[in-house]
Each structure stands twice: as structure tokens, then as C-alpha cells.
Amino acid sequence: MIQDTVLVVTLVLMGAIVAAFLFVAINAKNDGGEYAPIQGRAYAIRSKLFWVLVVAGVLITTVTTLDLPYAATRGEMAGVDKQIDINGKQWYWEIADTSAKVGETVVFNVSAGDVTHGLGVYDQDMRIIGQTQAMPGYANSLKLTFDKPGNYKLMCMEYCGVAHHAMVSDFTVTE
Amino acid sequence: MNDSTAIAPMPGSSKLAILAYLGISALVYVLMMVLGLLMRMGQANWLGLPADLFYQIMTAHGAGMVGISGLAGSAVMWYFLRRYVDLTVGILWANLAFFLSGVVLILGGIFLGGYAGGWTFLFPLPSHGMGLWGPVGAACFLGGLLLIGVGFLLLYLDVARAIISKYGSLARGLGWPQLFGNSDETPPPAAVVAATMVLLVNITGIVAGAVVLVLILVNLFMPEFEVDALLTKNLIYFFGHVFINATIYQAVIAVYEILPEYTKRPWKVNKVFLGAWTASTIMVMAVYPHHLLMDFVMPTWALVLGQIMSYTGGFPILVVTAFGALTIVHRSGIQWDMPSGLLFLSMFGWAVGVVPAVIDGTIAVNNVMHNTMWVPGHFHMYLIVGLVAMLFGFKYYITGQDGKPGMFDKLAFWIYSLGGVGLSVTFLISGYFSVPRRWAQHMPEWVGLSQPAALMGAAVALGAAIFAIRFLTSLKHARAV
């Protein structure tokens, strides 16, 4: 899952920052003498760090924007097996169809009848596999392919009032 | 570095106003932390918190934390900026009066009027209380925010006036002649550069916030006055993002001014520094679409821009300010005490909190992390361990509590910092497990994640309470320069 990659990258980068601050904190009480040489070395490291971040940022941006989740909302429905209209209301989902078959690519056309909601699709392990906002006056189309059978949950991801946390519906994927 | 002996002492009214800002903020931070703790205890099933009360507390916690951070951050900025420009103390008091009036309205709207629409008042939720609140409760909340905004607008206009009077223009306040031209003049001090950036983004943000608040207020009583939900969302997140980020950009002036005093090394205002602040001015305003990455109807270019700005926005922080703090402290022979320790901690908290924020700014990541606990995970890191540590470091500094820290101070430092990191990490782990944010009641499989979070939250509140008590009981020692 993408969450695993996110966690690992986050921990590595946060760990690097922890190490840098610990290194400086531990050595801070030593008097290093003249500031200029220390500053010069630091600026050289900073310059390298800057370019590493620039190159990494350009590469990551290029790779991660090749496949954006917005195509279905722009009307691109190639390869879509089924479209399901979903309307969010305080505090339930109106769902045109609550099932799909394994391997099907489904587009959820999501809107809202009163306030802004958020449709989050959770798999049988209660991990989110995709989401979009549900907003009055607009329709967002969320495209998902269901690879595994089971009971999925459609949950509200945008705070919508006092029973927000109870806005949960079932969605079944069969063989 | 500033020679504080050459700086004229603050007049009594200025000093009193600054201490009032800081004293109120110390108390409100502790109170808001207790509210946060109650929410986490509710999610941990350790406290029977009815859903309506949970969401009222959530609304108060969010609005309270953002508002008080703005107030405290502006006090830090004003305290140092007055060393270089002529600010109006009457405006400082007027802002406090507007702020307190707004707070009364907000608390009334929430706890008497029942308003629980979240501090982000996402349209059209304020007019859909479903019996929990009516238009009067919502109007009190929104009107309170508007009053607070008016006060801050006056304050930043006065800051703009003072900087233009001294330096000739806001471009000069940002050091553009030195950055883009061949000027040999000494660039403005770091405090002036930062304050210029803050006033530019905050005046723009507050005006956007005021526009959307008025639109929603009119709609509350005249539903036939239709307002576009996506437009209001853009305005709300623009205002909200700018305002909360500007709190840190104001408070970081304390780092620029105080760490050089400790290390006897200057915080050099060079082209890189000036370039970073000019870049931040643009990026803080341009990055807000990263809050709308799951609004698929937004133009694709705006959403991709949100991702790119999220990446580049981290640069000035990590590469210039945090790196600058590390450089100035490294092998400096610094004496670790409460001000220097908390300020150094704050730079760590800010830098480390940026990491999960930037990663969540990736559209593919946001698709599974948006509105999960990952989001409060990153901002609790850079607000608790970053901003609030920065502010309490300044509070120790201004009350002359430098030198060897006492046992309670040391204890509070470690309880607070470890609790803050722990609380933020538990949020992030919950986000990794897809736990949604802003849920009053958690599913059984998530309760185990909230229990350690509640313990960490208690540690943070305890540490902050000790900081606050130490500050409030040391006010008589407060310095005037």
C-alpha cells in the first residue's frame, strides 16, 4: 500500500532531521573558535542540500503527476465498467448501487445534497483506498478498481455535523 | 545581533500590552490543550463525551488555538519590531480589545448557541445545524471571527505604516534593493524582513477571510442569497492557511533575535536570507490549493501547483531558517537554559513537522491521507514542538528566566517536548492506519491508538501548565528592552 511507502519515507527524513539536531545540540557547548570557518562549511553543505532537494523535488513531481486521480471528473471514462451515483446528506449516503464484482473498474459520481461531505472508500482491513469531496453543486468522480472481494465501507471524511462519525455505509465486492 | 543596551526601553503601556498578550496566550494555550486532551480521552473511551459536546469542544479548540497563536505571534513580532520602527501602542491595545470581544462572541456562539461547525466553518455547514445550533449561534461565532480579523487588520496596517515610514516602501522592508539590485546599503534587520512578509500575507489573508465570513453571514439570514461552496472553500483555506502559517513567521523573529545573543554570532541577513523570505511571501499565498487536492473539480493546474508549492514551500524553512539555526548554534559554546533550549527545540519541531506536511502535499499521497489523522499529526508537530515552544522560549526570555534552569523547568521541558513529539507521532501513526480526523467516536480497532495519544496529550498540557505558571509568576521581572 502507498501508506507503507509514505511511512518509511517520512521516518527516514524525520530521522535525518533528528540526527542533525542531536549532532548540533551535543556539540553546541564546545567552543569552535572563529565562526567564519564553521559558517563556510555550513554554507557549502547547505548548497549541496539545496541542489539535492531541487533534483529530488523535480523527479518526484514528474513521476507522481503522471497519473492523477482527476481524469474521470474530466469525463474520461475509458475502461470503466460501472458508474455509481452517490449523494451525501446529513448523515447518510444515497447510493445508486451498493455492489460491484472483483476486477471491475467503478466510477463513483459523488455530490452532496446539503453540506460538504467527503467520500472515503475503506477496504476490508479498514484502510482507505481512495477518496474525494462531496460538495453541493458539484460532482467529483472517483475511479477505483476493486481487486479483492469483501465488504468495503463508505465513510464520511469531511466534518459535516454532529453525526458525522456515523455516516458509514457498506459496499460489497463479490467474486 | 542586537546590542540591547542601545535600545530604548518600552514605555510602560507598551510593556503592559505585550505582557497582557503573552499572559493571556499562556493561559489560553493551557486551556485549549486541556480541551484537546478531553477529545483524545473521549476517542480513547476513557471519557463519556457526548458527540455534540465533542464537536463544540473541537470547534473551540481549533478556533482558540489558531486565534491565540495569532495573538502571541504578533506580540513577539511587535516586541522586536519596535526596536527598529515606530509602532502605535494604541493599535496594539485596540487589537487586544477586538480580540477579547471576538472571543466572547465565539464562546457564546459555541457554548450557549450550540455552534459546532468547526473553526473552518465550511460553507454551508454554518446554516445546517440540524437542531444543534441556529443562525444566531453561527452568527455569533462568525461575527466573533470577523471582529478578531478587524483587530489584526488594524495591527498589520500599522506595521505597514511604520515600515514604510522608516524604510520608504514595503519592497525595501523585504530588502529588494539588496536582493535584486546593486544596493550597498545595509539590508533591513531580520525582524523587519519577516514582519514585512507577515503583513503582506496576513492583510491579504484576513481580507479574504472577511469576505467569506460576510458572504456566509448574509446567507445565514437570507438563504436566497446563494453562495458557491467551492468559492467559499477556496477563500476559507486561503485565509486559514496564510493566517496559521504567519503565526510561526512572526514568532520565529524571536529565534533571529535571541539565538545570536546566546551564541555571540550574528544572524546574517544576506541574499539567501532575503531571497528565502521573498519566496516565502509568494509561496505561503500560492500553496493553499494543497488543501483542495481532493476537490477533483478544481482546475488540474491549480492542484498540481498546490503540490509543487508544497514542495518548494518547505525549502526556505529547512534550507535557510532551520539550517541557519543549526549553523549559529554548532560549536558556539552556547549556554543551554530555558530560552535557548526551547528556541532550539522549536526549530527542530518546525523542521521535522514540515516533513509529513510536504509528503501529504503529494496528490497521490493525499488521496489516502487527506482528512485522516495524518493531517493533525504534522501540524501538531510544528505547532506544539515548533510554534508554542518558540513562544514559551520567548516568555522565559522576556521575564529574565535565563541562566541555570530549575528542576521544575527542566522537568517541564522534557515532559512537554517528549509529550509533544509523542502526541504528534501517535496522530501520524493513526493516519497511517487511515483513522479519519474529526470523529467524535472511534471504531473499536482505533481506540488503542487514541489511548497513548491521550497520555501524551496530558504530558503536553502538564508541561505547558508549568511553563505558564513560571511565566505568570515572573512577570515582575519582565524586561522592557
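Everything discussed here concerns the structure shown above.
Residues numbered from 1 in each chain as written. Chains lettered and ligands numbered in written order. Predicted model: local features only at pLDDT ≥ 70, side-chain atom pairs only at ≥ 80, totals over all residues. Heavy atoms only, no water.

### A word on the interface of chain B and chain A
Size of an interface: often given as the accessible area lost when the parts come together.
Part 1 of the argument: The partner chain A presents 76 residues to the 87 residues of chain B that form the contact.
Part 2 of the argument: Roughly 7,100 Å² of surface becomes buried between chain B and chain A when both sides are summed, with 70% attributable to carbon and sulfur atoms.
Part 3 of the argument: Looking only at chain B, the three residues that lose the most surface to chain A are Phe296(B), Arg331(B) and Tyr432(B), adding up to 11% of its buried area.
Part 4 of the argument: Taken together, the links from chain B to chain A amount to 32 residue pairs in polar contact (both at pLDDT 80 or more).
Part 5 of the argument: The set of elements that each furnish at least two residues to the side of chain B that touches chain A consists of α2 (51-81), α8 (229-263), α10 (300-329), α11 (338-360), α12 (363-369), α13 (374-398), α14 (407-432) and α15 (444-472) of chain B. (Contact = heavy atoms within 4.5 Å. Buried area = accessible area lost by both parts, 1.4 Å probe. Polar contact = N/O pair within 3.5 Å; in protein donor to acceptor, adjacent residues only side chain to side chain. Helix = DSSP H or I, 4+ residues; strand = E, 2+ residues; numbered from the N terminus.)

### What to know about the environment of Phe471(B)
All names here are of chain B.
Part 1 of the argument: Counting through the fold element by element, Phe 471 comes out in helix α15.
Part 2 of the argument: On the basis of relative accessible area, Phe 471 is assigned to the buried category, the value being 1%.
Part 3 of the argument: As a C-alpha pair, Phe 471 and Ile 398 span 73 residues in sequence and 9.1 Å in three-dimensional space.
Part 4 of the argument: If we ignore the near neighbours within four places in the chain, the residues touching Phe 471 are Leu 19, Leu 22, Gly 23, Ala 26, Lys 395, Ile 398, Thr 399 and Gln 401. (Buried < 20%, exposed > 50% of the residue type's maximum accessible area, 1.4 Å probe, protein only.)

### Looking at the nonpolar core
Part 1 of the argument: Counting 228 residues, the largest nonpolar core has Phe108(A), Phe80(B), Phe121(B), Ile163(B), Trp350(B) and Phe394(B) as the members making the most contacts within it.
Part 2 of the argument: Per-element accounting of this core gives the leading share, 22 residues, to α8(B).
Part 3 of the argument: Structurally, this core is a two-domain feature, drawing no fewer than three residues from each of domain 1 (2-64) and domain 2 (72-174) of chain A.
Part 4 of the argument: Not counting chain neighbours up to four residues away, the residues in contact with Phe121(B) comprise Tyr115(B), Pro126(B), Phe141(B), Leu142(B), Leu145(B), Val212(B), Leu213(B), Ile216(B), Ile236(B) and Phe239(B). (Core = buried A, V, L, I, M, F, W, Y, C linked by side-chain atoms within 4.5 Å. Domains from an automatic or database assignment.)

### Re the pairing of strand β8 (residues 150-156) of chain A
All names here are of chain A.
Part 1 of the argument: As judged from the 4 bridges shared by strand β5 (residues 117-122) and β8, these two strands associate in the antiparallel manner. Looking across to β8, one finds that Gly 120 is bridged to Met 155.
Part 2 of the argument: Both β8 and strand β9 (residues 168-174) contribute to a ladder of 6 bridges, which runs antiparallel. Its bridge partner being in β9, Leu 154 is matched across the sheet by Ser 169. (Pairing = 2+ DSSP bridges.)

### Quick word on a nonpolar patch on the surface
Residues and elements named next belong to chain B.
Part 1 of the argument: A cluster of nonpolar side chains, Val 136, Val 214, Val 218, Phe 221, Met 222 and Phe 225, forms an exposed patch at the surface whose accessible area comes to about 520 Å².
Part 2 of the argument: Broken down by element, the nonpolar patch gets its largest block of residues, 3 residues, from helix α7 (residues 190-221).
Part 3 of the argument: Tracing the chain through its elements places Val 214 in helix α7. (Patch = residues over 30% accessible without salt bridge, like charges linked within 9 Å, V, L, I, M, F, W, Y side chains within 5 Å. Areas by Shrake-Rupley, 256 points an atom, 1.4 Å probe, with all protein chains shown as cover. Salt bridge = Lys/Arg side-chain N within 4 Å of Asp/Glu carboxyl O.)

### Some details on the packing of helix α1 (residues 12-43) of chain B against helix α3 (residues 89-112) of chain B
All names here are of chain B.
Part 1 of the argument: Put simply, α1 and α3 touch, their axes get as near as 9 Å, and they point 30° apart. The orientation of α1 with respect to α3, classified from their angle, is roughly parallel. Of the two elements, α1 crosses α3, and the hand of that crossing is left-handed. On the side of α1, the interface is formed by Ser 13, Ser 14, Leu 16, Ala 17, Ile 18, Ala 20, Tyr 21 and Ile 24, while α3 contributes Val 89, Leu 92, Trp 93, Asn 95, Leu 96 and Leu 100.
Part 2 of the argument: The residue inventory of the contact of α1 with α3, partitioned by class, reads 11 nonpolar, 3 polar and no charged. (Axes fitted to C-alpha atoms, helices over the stretch in contact; angles between N-to-C directions. Parallel < 35°, antiparallel > 145°, perpendicular 65-115°, else oblique. Left-handed = near helix turned anticlockwise from the far one by under 90°. Nonpolar A, V, L, I, M, F, W, Y, C, P; charged D, E, K, R; others polar.)

### Some remarks on the side chain of Ser434(B)
Part 1 of the argument: With respect to the helices and strands, Ser434(B) occurs in the loop between α14 and α15.
Part 2 of the argument: We classify Ser434(B) as buried; its relative accessible area is 0%.
Part 3 of the argument: Residues within four places of Ser434(B) in sequence aside, it is in contact with Gln3(A), Tyr122(A), Met126(A), Arg127(A), Ile128(A), Thr372(B) and Trp446(B).

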